[in-house]
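Listed below, chain by chain, are the residues.
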Amino acid sequence: MAETFFAVCPRGLEPVLAQELRTLGASAVRPAAGGAQFGGTLATAYAANLHCRIASRILWRVGQGSYRNETDLYELARQIAWEREFSPGQSLRVDVTANRSPLRSLQFVTLRVKDAIVDRARDRSGERPSIDRAHPDVQVLAHLDEQTVQLYIDLSGESLFKRGWRADKGEAPIKENLAAALLLLAGWTPQQPLLDPFCGSGTIVIEAGCIATNRAPGLQRRFGFENLRGFDRAAWSSLQQQARAAIDDRAPMQLVGRDISTRVIAIAGANAQRAGLGAALQNRSLVLEATDARAAEPTAERGMIVTNPPYGEQSNPKSASVASLMSDFAGQLKRKFPGWQAWLLSSDRKLPQQMRLRESSKTVLFNGALECRLFRFDMVAGSMRRERAADRGDAGPAVEDGHGAG
């Protein structure tokens, strides 16, 4: 039976998420603000949870209707046969989100939706679900717009960016689903050498390694749908077995992560081991090393840099200001990396100015609540020479005019 689902994602990634869902076999995929709606069976939703690298969570729509006030919402929620999906003995959490809803208090709306679910359970069984905000068995979400409400059961549980391998974070890590999105937006493929010169706890290169070895991101964790009464254990076991059989630890790749901190590099190595990339570390198709980005050396004649460098909101380097650090790093790119593409995620709109490079593209993304831009710089041979000529006043185009960075 076809069901309707909604995959949530960070803002700016809706088109990438929609394409990913289509490749996973979802039907009627329709991007929307903050995610994408799609159709399929519950097994389709299981597969989305297991394989989707971009989504934050997968929601199953179990009801919808129009409303004018909180009483309407209570009646709509009470009509849904929640008992088919979970028992009164299970713990529950209810959340509400809204977009242009005329109702003033989302806290009161949350209370009324919760009351409707609890009252229905008590009327039918004499028992009522307990409320657990921290570790519930089942999570219900109501989303309101101006006139309608949609009611969902969260099939993911913990957010999908939690792959199950991170035990220790470096300084201000990006989430795993954003790291995967950077690689997809950059057009990186496992055939291309990849360098992250500010790798921190290794998120970007570990995601790249998992992509290259065809590791499903959800293989090491549990999901909310496993707590539901209609959970199809056989279908889920089959999906897991297929995903494990698809892993290729011998897949060729050339991944390098660098950070100035030896402590952070040790954390990245432990994370990579837990992610299942021990073989890649052993055969050095994944290399993690302590190196100052300002002295970065290329790992191949051509390749791709994808990185989340320090910026004001997340770091305060003792050795230099962020602007000075990025200026020095850019100088090394110009000297050593002709033929490479560099993709840098930053909340600082002045990053190209600091680097004296002109971006060939920029994409607005959100790192949590922080508005960022993914800048692309195309490094070409001779860029440093032209910059020096421009500084002397010689004839010829300057890097700031775009010729040093595409």
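Since the structure is predicted, the reported quantities are computational estimates derived from the model, not experimental observations.

*Asks:* Just checking my understanding: could you explain the sheet that holds strand S14 (residues 370–378) for this structure?
*Replies:* Sheet strands line up and pair through hydrogen bonds in the backbone, either parallel or antiparallel. Ordered by their spatial adjacency, 7 strands build an open sheet running S10-S9-S8-S11-S12-S14-S13, and the pairing between neighbours is mixed. Edge strands, defined here as strands with exactly one partner in the open sheet, are strand S10 (286–290) and strand S13 (361–367). Between one strand and the next, the sheet's axes are offset by a mean angle of 20 degrees, whatever the strand orientation. Bridge count for strand S8 (residues 194–196) against strand S11 (residues 304–307) is 2 bridges, and the pairing is parallel.

*Asks:* Help me understand the environment of Asp 378 in this model?
*Replies:* Looking at the element boundaries, Asp 378 is found in strand S14. On the basis of relative accessible area, Asp 378 is assigned to the buried category, the value being 16%. Put simply, Asp 378 and Cys 210 are 168 residues apart on the chain and 26 Å apart in space, counted from C-alpha to C-alpha. In terms of polar contacts, Asp 378 uses its side chain to reach the side chain of Ser 360, at 3.1 Å.

*Asks:* Would you explain the sheet that holds strand S7 (residues 148–154) in this entry?
*Replies:* The sheet built from 7 strands is open, its strands ordered S2-S3-S1-S4-S7-S6-S5 with mixed pairing. A strand with exactly one partner marks an edge of an open sheet, and here the two such strands are strand S2 (27–32) and strand S5 (92–98). Adjacent strand axes in the sheet meet at a mean angle of 30 degrees, parallel and antiparallel pairs treated alike. Inspection of the sheet shows strand S4 (residues 57–66) paired to S7 by 7 bridges, in the antiparallel sense. Each bridged residue has a counterpart across the sheet, and for Ser 66 the counterpart in S7 is Thr 148. The sheet contacts of helix H2 (residues 42–51) involve strand S1 (3–8), strand S3 (35–40) and S4, and relative to S3 the element is tilted by about 140 degrees. Helix H4 (residues 106–125) contacts S5, strand S6 (138–144) and S7 of the sheet and is inclined by roughly 140 degrees relative to S5.

*Asks:* Which parts of the structure should I look at to understand empty space enclosed by the protein?
*Replies:* To find leftover empty space, one rolls a probe the size of a water molecule over the atoms. The tally for this structure, following the rule as stated, stands at 2 cavities of 30 Å³ or more. Roughly 70 Å³ of internal volume is contained in the largest cavity. Taken together, Trp 82, Glu 83, Phe 86, Ser 87, Pro 88, Ile 117, Arg 120, Ala 121 and Pro 129 make up the full set of residues lining the largest cavity. Residues that form the lining of the largest cavity fall into these classes: 6 nonpolar, 1 polar and 2 charged. Every residue along the wall of the second largest cavity is listed here: Leu 42, Tyr 46, Trp 60, Glu 85, Leu 155, Phe 225, Leu 228, Gly 230 and Phe 231. Per-class residue counts for the lining of the second largest cavity are 7 nonpolar, 1 polar and 1 charged.

*Asks:* Quick question: what am I supposed to make of the nonpolar core here?
*Replies:* Grouped burial of nonpolar side chains is what soluble globular proteins tend to show. Counting residues in each nonpolar core, the largest one holds 92 residues, and the members touching the most others are Leu 21 and Ile 58. Of all the elements, helix H5 (residues 176–186) adds the most residues to this core, at 7 residues. Leave out the neighbours within four places in its chain, and Leu 21 touches Ala 7, Ala 26, Val 29, Ala 36, Phe 38, Ala 48 and Cys 52. Counting residues in each nonpolar core, the second largest holds 23 residues, with Ala 293, Ala 296, Ile 305 and Phe 329 among its members.

*Asks:* I keep staring at the layout of surface pockets and nothing clicks. Help me out?
*Replies:* Empty space within the largest pocket amounts to approximately 1300 Å³. Around the largest pocket, the lining comprises 50 residues; the ones closest to its centre are Val 8, Arg 57, Leu 59, Leu 141 and Asp 154. Elements with a contribution of two residues or more to the lining of the largest pocket: S1, S2, S4, S5, S6, S7, H5 and S13. Counting residues per element, the lining of the largest pocket draws most heavily on S6, which supplies 5 residues. Of the residues contributing to the lining of the largest pocket, the split by class is 18 nonpolar, 17 polar and 15 charged.

*Asks:* Teacher, can you tell me more about unusual backbone geometry here?
*Replies:* The phi angle of most residues is negative, glycine excepted, and most peptide bonds adopt the trans form. Despite not being glycine, Arg 284 has its phi angle at roughly 65 degrees, a positive value. Mapped onto the elements of the fold, Arg 284 is located in the loop between helix H9 (278–282) and S10. The exposure class of Arg 284 is exposed, given its relative accessible area of 57%. Its identity as a non-glycine residue notwithstanding, Arg 356 has a phi of 55 degrees, on the positive side. Within the element layout of this structure, Arg 356 appears in the loop between helix H11 (351–355) and S13. We classify Arg 356 as partly exposed; its relative accessible area is 28%.

*Asks:* It is not clear to me how the pairing of S2 should be interpreted in this structure. Could you clarify?
*Replies:* If a strand is regular, its side chains alternate between the two faces of the sheet. Here S2 runs beside S3; their pairing, made up of 4 bridges, is antiparallel. Across the sheet, the residue bridging to Ala 32 is Gly 35, located in S3. From the end of S2 to the start of S3, which pair antiparallel, there are 2 residues, and Gly 34 there has a positive phi angle of about 80 degrees.

*Asks:* How should the pattern of salt bridges be read in this particular structure?
*Replies:* Pairing between side chains of opposite charge can happen when the charged atoms of each approach one another. One pass over the structure, following the stated rule, counts 24 salt bridges. With a closest N to O distance of 3.8 Å, Glu 83 and Arg 124 form a salt bridge. Within this pair, whereas Glu 83 is found in the loop between helix H3 (70–79) and S5, its partner Arg 124 is found in helix H4, the two being separated by 41 residues in sequence. For Glu 83, a relative accessible area of 28% puts it in the partly exposed group. When salt bridges with common partners are traced through the structure, they connect Arg 53, Arg 163 and Glu 207 into a single cluster.

Scoring rules and cut-offs
- Residues numbered from 1 in each chain as written.
- Predicted model: local features only at pLDDT ≥ 70, side-chain atom pairs only at ≥ 80, totals over all residues.
- Heavy atoms only, no water.
- Pairing = 2+ DSSP bridges.
- Helix = DSSP H or I, 4+ residues; strand = E, 2+ residues; numbered from the N terminus.
- Axes fitted to C-alpha atoms, helices over the stretch in contact; angles between N-to-C directions.
- Buried < 20%, exposed > 50% of the residue type's maximum accessible area, 1.4 Å probe, protein only.
- Polar contact = N/O pair within 3.5 Å; in protein donor to acceptor, adjacent residues only side chain to side chain.
- Contact = heavy atoms within 4.5 Å.
- 1 Å grid on protein atoms, 1.4 Å probe; cavity = no way out; pocket = protein on both sides within 12 Å on 5 of 7 lines; lining within 4 Å.
- Points joined across faces, edges and corners; volume = space filled by probe spheres on them.
- Nonpolar A, V, L, I, M, F, W, Y, C, P; charged D, E, K, R; others polar.
- Core = buried A, V, L, I, M, F, W, Y, C linked by side-chain atoms within 4.5 Å.
- Salt bridge = Lys/Arg side-chain N within 4 Å of Asp/Glu carboxyl O.

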